[in-house]
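Geometric and topological summary
Here is how the chains run, residue by residue.
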Amino acid sequence: MTELKPTRIAMWSGPRNISTAMMRAWENRPDTSVIDEPFFGVYLARTGVDHPGRDIYFPKLETDEAKVISRLTGPVPERRPVFYQKHMTLHLLPEMDRSWLAETRPAFLIREPGAVLASYTKQRRNVTLAEIGFVQQLEIFEREADRLGIAPPVIDGDQVLANPKAALSALCERLGMTFDPAMLSWPAGSRDTDGPWAPWWYKAVEASTGFNSRPPANVELPDDLKPIAEAARPYYEALEAHQIQV
């Protein structure tokens, strides 16, 4: 019997969205294996960007781009039929191979730039436009739209938090998947599949058991961050125009 080709979902997000909670939702499906930011090691090795805890976890990361791609396109962990890949858009540097994206079903998770910056700078105060991933996210989106001949699904994290069942059902439909109610909740705690940077970034999601609503963003950024938010806004709005209607 011929083995069915697995479904590889590439979810492209910037930092400080609900990307890890979304990974939890997919991992809670019995048919799905997940991988957490597989290109982070490549990104750190090539850029030298300093991150909290880097000296501790960087030696554990794969820094060979070809090996990462082989893992993403090779056998799915536990031989499950669905492979959910949580990607940070900023990790896909301009010189890196993109041909492997043809093996995936892309989706894009977005958040308003001011809210991203307000959250991100609690951990890393010095930040650039490139480090919040909006420019890269639109580049990947447009490339994938050209490849597919149709805009890939875009979902705002606030959509998911406001109505998880409706948003995830709509996302699954756009990805050619069947929604599973198991995506709506999960056990609290860490996972073996979490990246080794989790102690610095994942405290909230480790305490969660589902998608927790958050109050409407009312962000007043420091003056030095406002130009970054404004520079990111056109990229965000270009993606927002394609977001799934829930």
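One can find the structure itself at the top, above this paragraph.
Once a new chain begins, its residue numbering starts again from 1 and follows that chain's sequence as written. Confidence filtering applies because this is a predicted model: local features only for residues at pLDDT of at least 70, side-chain atom pairs given and counted only at 80 or more, and all residues used for totals across whole chains, interfaces and linings. Side-chain measures here rest on the full set of heavy atoms in the structure, leaving out hydrogens and waters.

What to know about the side chain of Gln136
- Each helix is a run of DSSP H or I of at least 4 residues and each strand a run of E of at least 2, with the numbering of both proceeding from the N terminus. With respect to the element layout, Gln136 can be found in helix H6 (residues 134-148).
- The rule is simple: take the accessible area with a 1.4 Å probe, protein chains only, and divide by the maximum for that residue type; under 20% is buried, over 50% is exposed, in between is partly exposed. Given a relative accessible area of 15%, Gln136 falls into the buried group.
- Excluding its chain neighbours within four sequence positions, the residues that come into contact with Gln136 are Thr89, Leu90 and Ala130. Whether two residues are in contact is decided by their heavy atoms, any of which lying within 4.5 Å being enough.

Thoughts on the sheet that holds strand S2 (residues 32-36)
- Following DSSP output, two strands are said to pair if at least two bridges run between them. Judged by pairing direction, the sheet is parallel, and its five strands sit side by side in the order S2-S3-S1-S4-S5 without closing on themselves. Both outer strands of the open sheet, S2 and strand S5 (154-156), are each paired with one neighbouring strand and no more. The mean angle between the axes of side-by-side strands here comes to 20°, regardless of whether they run parallel or antiparallel. In this analysis an axis means a line fitted to C-alpha atoms, helices contributing only their contacting stretch, and an angle means the value between N-to-C directions, from 0 to 180 degrees.

Notes on the packing of helix H5 (residues 113-120) against helix H11 (residues 226-240)
- At a minimum axis distance of 8 Å, the contact between H5 and H11 shows a crossing angle of 130°. By the criterion of interaxial angle, the relationship of H5 to H11 is oblique. Mapping the contact onto sequence places Pro113, Gly114 and Leu117 in H5 and Ile228, Ala229, Ala232, Arg233 and Tyr236 in H11.
- Classification convention: Asp, Glu, Lys, Arg as charged; Ala, Val, Leu, Ile, Met, Phe, Trp, Tyr, Cys, Pro as nonpolar; all other residues, Gly among them, as polar. Classifying every residue of the contact of H5 with H11 gives six nonpolar, one polar and one charged. Angle categories are assigned with fixed cut-offs, so that under 35 degrees is roughly parallel, over 145 is roughly antiparallel, 65 to 115 is roughly perpendicular, and the rest are oblique.

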